[in-house]
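# Structure assessment
Single-letter residue listing:
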Amino acid sequence: IQNGKKQRTCEICNKSFSDSSSLWKHKRTHTGEKPYSCNVCNKAFSQSQSLRTHMMIHTREKPYSCDLCNKRFADLIGLKSHKVTHTGEKPYSCDICNRNFAHKSNLSRHMSVHNKPYSCGICNKGFTDVSSLDQHELTHTREKTCKVCDKEFTHPSSMKRHMLLHTGEKPY
């Protein structure tokens, strides 16, 4: 009993609900039951509200509008996501570099920047794939100083392109 109301608890995940109807709907997340289906595309849903929201795709109905620019949206989630374009709010922060993002999906995409399992044995620079590491390692092993003017380069291909200035050779 909480706040004078009897709590109903899901026996699978122990989440509590104040009424049996909410518990019944919640149990569908465990069973996978989707009793509501779209009569246009047959996509199925566990909640009737989810079906109603989905139907707006087919009817092109957009009942929610931004109070700043009047852009319209089919659901509140889309409107809320849009509103950060006006506020500049960036509530999602990277725990590694502290960079902030307006949308959770952008933070998730950013995290791949930090996931670099291949590192250079000479300078420890990280790479997401072996081929990028292999290409980078060439910068440590090949000649990178122009023998004509002593200009230095970080990558052999840059020096090769530079040498065309001295030879007058046209690459195309």
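A brief report on the enclosed structure follows. The residue numbers shown here count from 1 along each chain, following its written sequence. Totals for whole chains, interfaces and linings use all residues, but because this is a predicted model, local features are given only for residues with pLDDT of at least 70 and pairs of side-chain atoms are given and counted only at 80 or more. Heavy atoms throughout the structure, all of them, feed into the side-chain values; hydrogens and water do not.

## Notes on the overall build of the protein
Each helix and strand in the protein was counted, giving 6 helices and 10 strands. Its C-alpha atoms give the protein a radius of gyration of 29 Å, clearly above 16 Å, the size a compact globule of 172 residues would have. Taking the principal axes of its C-alpha atoms as reference, the protein extends roughly 85 × 40 × 35 Å. Burial classes: relative accessible area under 20% of the type maximum marks a residue as buried, over 50% as exposed, and values in between as partly exposed (1.4 Å probe, protein chains only). For the protein, the proportion of its 172 residues judged to be buried stands at 19%. Here, two residues are considered to be in contact whenever any of their heavy atoms come within 4.5 Å of each other. Of all intrachain contacts in the protein linking residues separated by at least 6 positions in sequence, the fraction that spans at least 24 positions is 0%. In this description, accessible areas are obtained by the Shrake-Rupley approach with a 1.4 Å probe, and a residue is regarded as covered only by the protein chains that are shown. Here the protein has roughly 13,100 Å² of accessible surface; of this, 50% comes from carbon and sulfur atoms. Two residue types count as positive, namely Lys and Arg, and two as negative, namely Asp and Glu; His and chain ends fall outside the count. Lys charges are placed at NZ, Arg charges at CZ, Asp charges at CG and Glu charges at CD. Positive and negative side-chain charges of the protein, numbering 29 and 15 respectively, have mean locations separated by a distance of 8 Å. Here a strand is any run of E in DSSP of at least two residues, a helix any run of H or I of at least four, and the numbering for each starts at the N terminus. The globule rule used here is 2.2 Å times the number of residues to the 0.38 power, and the radius of gyration it is set against is calculated over C-alpha atoms.

## Section: unusual backbone geometry
The phi dihedral of Asn98 falls on the positive side, at around 65 degrees, and the residue is not glycine. Among the structural elements, Asn98 can be located in the loop between β7 (92-93) and β8 (100-101). Owing to a relative accessible area of 56%, Asn98 belongs among the exposed residues under this scheme. The backbone phi angle of Asn124 is positive, close to 65 degrees, even though this residue is not glycine.

## Here we look at the pattern of salt bridges
Two side chains of opposite charge can pair, provided their charged atoms sit close to one another. Salt bridge, as applied in this entry: a Lys or Arg side-chain nitrogen positioned within 4 Å of an Asp or Glu carboxyl oxygen. Per the stated rule, a full pass over the model turns up 3 salt bridges. The salt bridge involving Glu11 is made with Lys27; its shortest N-O contact spans 3.2 Å. Of this pair, Glu11 sits in the loop between β1 (8-9) and β2 (16-17) while Lys27 is found in helix α1 (residues 20-31), placing the two residues 16 residues apart along the sequence. One salt bridge in this structure joins Lys83 and Asp67, with 3.6 Å as the shortest N-O distance. Here Lys83 is found in helix α3 (residues 76-87), whereas its partner Asp67 is found in the loop between β5 (64-65) and β6 (72-73), with 16 residues between them in sequence. When its relative accessible area of 31% is taken as the criterion, Lys83 is described as partly exposed.

## Topic: the environment of Arg60
Summarising the element assignment, Arg60 is placed in the loop between α2 (48-59) and β5. Distance in space between the C-alpha atoms of Arg60 and Phe73 is 9.5 Å, their sequence separation being 13 residues.

## Side note on α3
Compared with the 16 Å implied by 1.5 Å per residue over 12 residues, the 17 Å span of α3 between its first and last C-alpha is a close match. Those residues of α3 that sit buried are Leu79, His82 and Val84. Buried residues along α3 sit against β5 and β6. Any N or O atom pair separated by 3.5 Å or less is treated as a polar contact, with the protein-specific requirement of one donor-capable and one acceptor-capable atom, and with residues adjacent in sequence counted only for side-chain atom pairs. Put simply, Asp75 is the residue that caps the front of α3, since its side-chain oxygen is 3.3 Å from the backbone nitrogen of Ile77. Two residues or fewer after α3 comes Gly88, characterised by a positive phi angle close to 75 degrees. A helix is expected to span 1.5 Å multiplied by its residue count minus one.

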